[in-house]
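# Close look at the chain arrangement
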Amino acid sequence: MTLEELHECAEKENKKIQNGKKRILYCSAAGCVSCGADFVRDTLKAKLQEHHLDKECDVVGTGCMGLCGEGPLVKTAHDTVLYQNVDESAAEQIVTSHIKENRIVTSHQCDISSPFFASQYKIVLENCGKINAESIDEYIGVDGYQALAKVVSEKQPQDVIEEIRKSGLRGRGGAGYLTGLKWDIVSKAKGEQKYIVCNADEGDPGAFMDRSVLEGDPHRVLEGMAIAGYAVGANQGFVYVRAEYPSAIERLKLAIKQAEKAGLLGSRIFESNFNFRIDIRIGAGAFVCGEETALLASIEGRRGNPRPRPPFPSEKGLWGMPTVINNVETYANIAPIIRNGFEWFSKIGTAKSPGTKVFALAGKIKNTGLIEVPMGIPLRTIIFDIGGGTPDGTEFKAAQTGGPSGGCIPSQHLELPVDYESLATVGSIMGSGGLIVMDSESKMVEVAKFFMQFCMDESCGKCIPCRVGTRHIYGLLDKISKKKGTQDDMILLQELCMMVKETSLCGLGQSAPNPVLSTLRFFRHEYEELLQPVETFQEFNDVHEVNFEK
Amino acid sequence: METVHAVPAKGQHPSGDNRFKLLDRAITKHQGRGDALIEVLHVAQGIFGFLENDLLIYVAHSLKLPLSRVYGVATFYHYFNLKPKGEHTFVLCMGTACYVKGAERIQEAVERQCGCTFGETTADNKISLITARCVGSCGLAPVVVLDNVVAGKLSVEQAMQKVTHLQESRVEEII
């Protein structure tokens, strides 16, 4: 495809929309499909046919519309009315009254001026819920692949890196390393072959941001990867996706096929000398493969064991060659930055953490779903304005960010701005974006035990602090939660946590004790309430005549 | 005493099992490269349902990899099963969101009902109880997946009822 053809295709798409053919969009992301979106689609289609409206109105599946807890969601494209909890009768009413007679079905209407929608700022998710995720033409219609065209035909690779560096974009996988800097290292590293890798191994339980992007707007990720390839001089990319996301894999495969057919991936892209291919690698259910060196091992077909860094993957990555590894959300940010310029991007969010962040809100919260907010927004706004607070009026207790590697943020820190540095000050991390809300019913010792069990099961077993340490921490937590623990166990628990944190090989072990440490910091009383009373401990010593000084 | 074995046709697996042809096709697609091991195991499990020892030996031979490497990879990743599954699967999501919303109570109740723990298959080989890390439908927590159909926002009673449904399908078949 040439640049002119791309523009032509975009114009054709836009004309189609302006021509006024009505469209009913239904959310075809996993959350809505689980509660019957396919049935809603079939009902809508059948009813349209029944009322002879199928020539005037299309039914189109899109990516995640956000409010996953109220699914299935349906939206009319021409007047943006959103319907929630759509069942058979609601679907029929949408056709008979809204499409036919232009009367909105108020009983299922969702207020899109509510804070849940109004407080969001969408960059990564701008097309999710708007375009047909399975159509490359619709992506091109919303300025898709324009950034790639601009980069390949107008810019030098070094200028692209400079643009990304100036935008201040930081890795959205959790650690927050500057993306531009990473690309710069790879572009300067020596190696006859370089690789681009997209980390879509979203293992954090309770996180589904990457899946939603891949399902709702796969071309955006491919475009970002291709731009990265051009910038650093790579001609091969890999997307590493979890096997647990079959629909994301299907959409991604389809998107790659479409892009190759259109000449937007493959050889001589936009009639330049730039070649770029993307292959999919499917994970097989190992949390540790989210760690970059383990992920590389897995792509090479080996056990997902991490290795010590340095050398970092930017110098010695896949098959020993320089490799860029970024998260799905990071790549999804690239095309808009190139299109709108780095000045635009750096004005959003805070000075140190520009841009937006996608969060998956879940747990004890009214509006569960997918949100995108500017960095630096107070946690209170996310939980109480956007999330609507805890359901049934129970009391908010803590929010957990960063999954099993993160920490709990208690209610006294609700005013905390959400960015990389601020979250670190309270012992949590940004993580990939899972945000689980807990209310007064949640017991923090049990929560810590839950995460420790997760890390214990997922430890790859290569290094001893993580393999043995997590098991012992779990044992201690189990003992304490069964009211058999003593003060000595608490001391041992803390020492063990620090030891595992400081001596483990990779990020999994180093961050595994975080949930315990952060609950100990803010909810110590919950642990202490479960300890054996000191008297019985004394009695025990008296009876057994234990002499500790011996 | 000599036994006479039927000679398999060229390119056919000695067992005469045609499913190996599908597997061979996948191996050829990856040009027999060792780094495609995980992809090949995915295909093998998709065709055969689980990875038995003979299959692992066959894959190792085809990809020219040591068997230790193939076995190491197959046991490292949770997704690969070395034992056959039951007729039905009951997957309970134990992600954080589901946990906070009471998946543990469902776990206890279902284990009591089935008489086996998660990770096992019932004695009559009908239901495999499996826990998942997160199926990504956190908005519907707590979530179970019954034979690839997701059911969300379940109470303990509803979950137990679902198990009974799975068990009853067996009763009908026997009658």
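Residues numbered from 1 in each chain as written. Chains lettered and ligands numbered in written order. Predicted model: local features only at pLDDT ≥ 70, side-chain atom pairs only at ≥ 80, totals over all residues. Heavy atoms only, no water.

### Remarks on the sheet that holds strand β9 (residues 323-327) of chain A
In a beta sheet, neighbouring strands pair by backbone hydrogen bonds and run either parallel or antiparallel. Residue and element names in this part refer to chain A. Our working definition: Here a strand pair is declared whenever DSSP counts at least two bridges between the two strands. Numbering goes from the N terminus for both helices and strands, where a helix is a DSSP run of H or I of at least four residues and a strand is a run of E of at least two. Note on method: axes are straight lines fitted to C-alpha atoms, helices fitted across the in-contact stretch only, with angles between N-to-C directions ranging 0 to 180 degrees.
If you trace the four strands from one edge of the open sheet to the other, you get β8-β7-β6-β9, paired in parallel fashion. Since the sheet does not close on itself, it has two edges, and those belong to β8 (277-282) and β9, each with one partner. Averaged over all pairs of adjacent strands, the angle between strand axes in this sheet comes to 20°, irrespective of strand direction. Across six bridges, the pairing between strand β6 (residues 195-200) and strand β7 (residues 236-241) is parallel.

### Brief notes about a nonpolar patch on the surface
Residue and element names in this part refer to chain A. The condition that has to hold: Patch definition: residues above 30% relative accessible area lacking any salt bridge, with like charges linked at up to 9 Å and the nonpolar side chains Val, Leu, Ile, Met, Phe, Trp and Tyr linked at up to 5 Å. For the accessible areas, the method is Shrake-Rupley and the probe is 1.4 Å, while residue cover comes only from the protein chains on display. Here a salt bridge means any side-chain nitrogen of Lys or Arg lying within 4 Å of a carboxyl oxygen belonging to Asp or Glu. In this scheme, a residue with accessible area under 20% of its type's maximum is buried, one over 50% is exposed, and one in between is partly exposed, where area comes from a 1.4 Å probe on protein chains only.
On the surface, Tyr 177, Leu 178, Leu 181 and Ile 185 cluster together to form a nonpolar patch covering roughly 310 Å² of accessible area. Relative to the assigned elements, Tyr 177 resides in the loop between α8 (157-167) and α9 (179-188). Residue class for Tyr 177 comes out partly exposed when judged on its relative accessible area of 41%.

### Focus on the packing of aromatic side chains
Under the convention used in this document: The pairing test for Phe, Tyr and Trp rings, Trp by its six-membered ring, is centres within 6.5 Å, and the orientation test on the planes gives stacked under 30 degrees, edge-to-face over 60, and tilted for anything in between. Here, a charge over a ring is recorded when the distance from Lys NZ or Arg CZ to the ring centre is within 6 Å and its angle to the ring normal is within 35 degrees.
Enumeration over the complete set of coordinates arrives at 17 aromatic pairs over all chains. Considering the side-chain rings of Tyr195(A) and Phe238(A), the 6.0 Å spacing of their centres and the 40° angle between planes classify their relative orientation as tilted. Taken together, the positions of Tyr195(A) in strand β6 and Phe238(A) in strand β7 put the pair 43 residues apart, joining distant regions of the chain. Across this residue pair, the class does not change: Tyr195(A) and Phe238(A) are buried. Measuring from centroid to centroid gives 5.1 Å for Phe20(B) and Phe48(B), while their planes differ by 55°, and the two rings are tilted. A residue pair is termed long-range when its members are at least 10 positions apart, and Phe20(B) in helix α1 (residues 19-29) and Phe48(B) in helix α2 (residues 37-48) qualify at 28 residues. A residue is classified by how much of its surface remains accessible, and Phe20(B), at 8% relative accessible area, is buried. Ring-pair connections join several aromatic residues into one group, and the members of that group are Tyr195(A), Phe238(A) and Trp319(A). One residue, Arg242(A), lies across the ring of Tyr245(A), its end atom 5.0 Å from the ring centre.

### Points about the domain arrangement of chain A
All names here are of chain A. Quick note on the threshold: Reported domain spans reflect what an automatic or database domain assignment gives. The buried area of a pairing is the accessible area, by a 1.4 Å probe, that goes missing from both parts when the two are put together, added over both. Two N or O atoms form a polar contact when they lie within 3.5 Å of each other; inside protein one atom must be a possible hydrogen donor and the other a possible acceptor, and for residues adjacent in sequence the pair counts only when both atoms belong to side chains. Residues are grouped as follows: nonpolar covers Ala, Val, Leu, Ile, Met, Phe, Trp, Tyr, Cys and Pro; charged covers Asp, Glu, Lys and Arg; every other residue, Gly included, is treated as polar.
Domain annotation of chain A identifies domain 1 (15-112), domain 2 (143-155 + 179-334), domain 3 (356-440) and domain 4 (445-544). Between the C-alpha centres of domain 1 and domain 2 there is a distance of 34 Å. Carbon and sulfur atoms make up 54% of the area that domain 1 and domain 2 hide from each other, which totals about 420 Å². Taken as a group, Ser 28, Ala 30 and Gly 63 account for 57% of the area that domain 1 buries against domain 2, more than any other trio of residues on that side. The interface formed by domain 1 and domain 2 includes zero salt bridges. At the junction of domain 1 with domain 2, the criterion picks out two residue pairs in polar contact (both at pLDDT 80 or more). Here the residues of the side of domain 1 that touches domain 2 are counted per class, giving four nonpolar, three polar and no charged.

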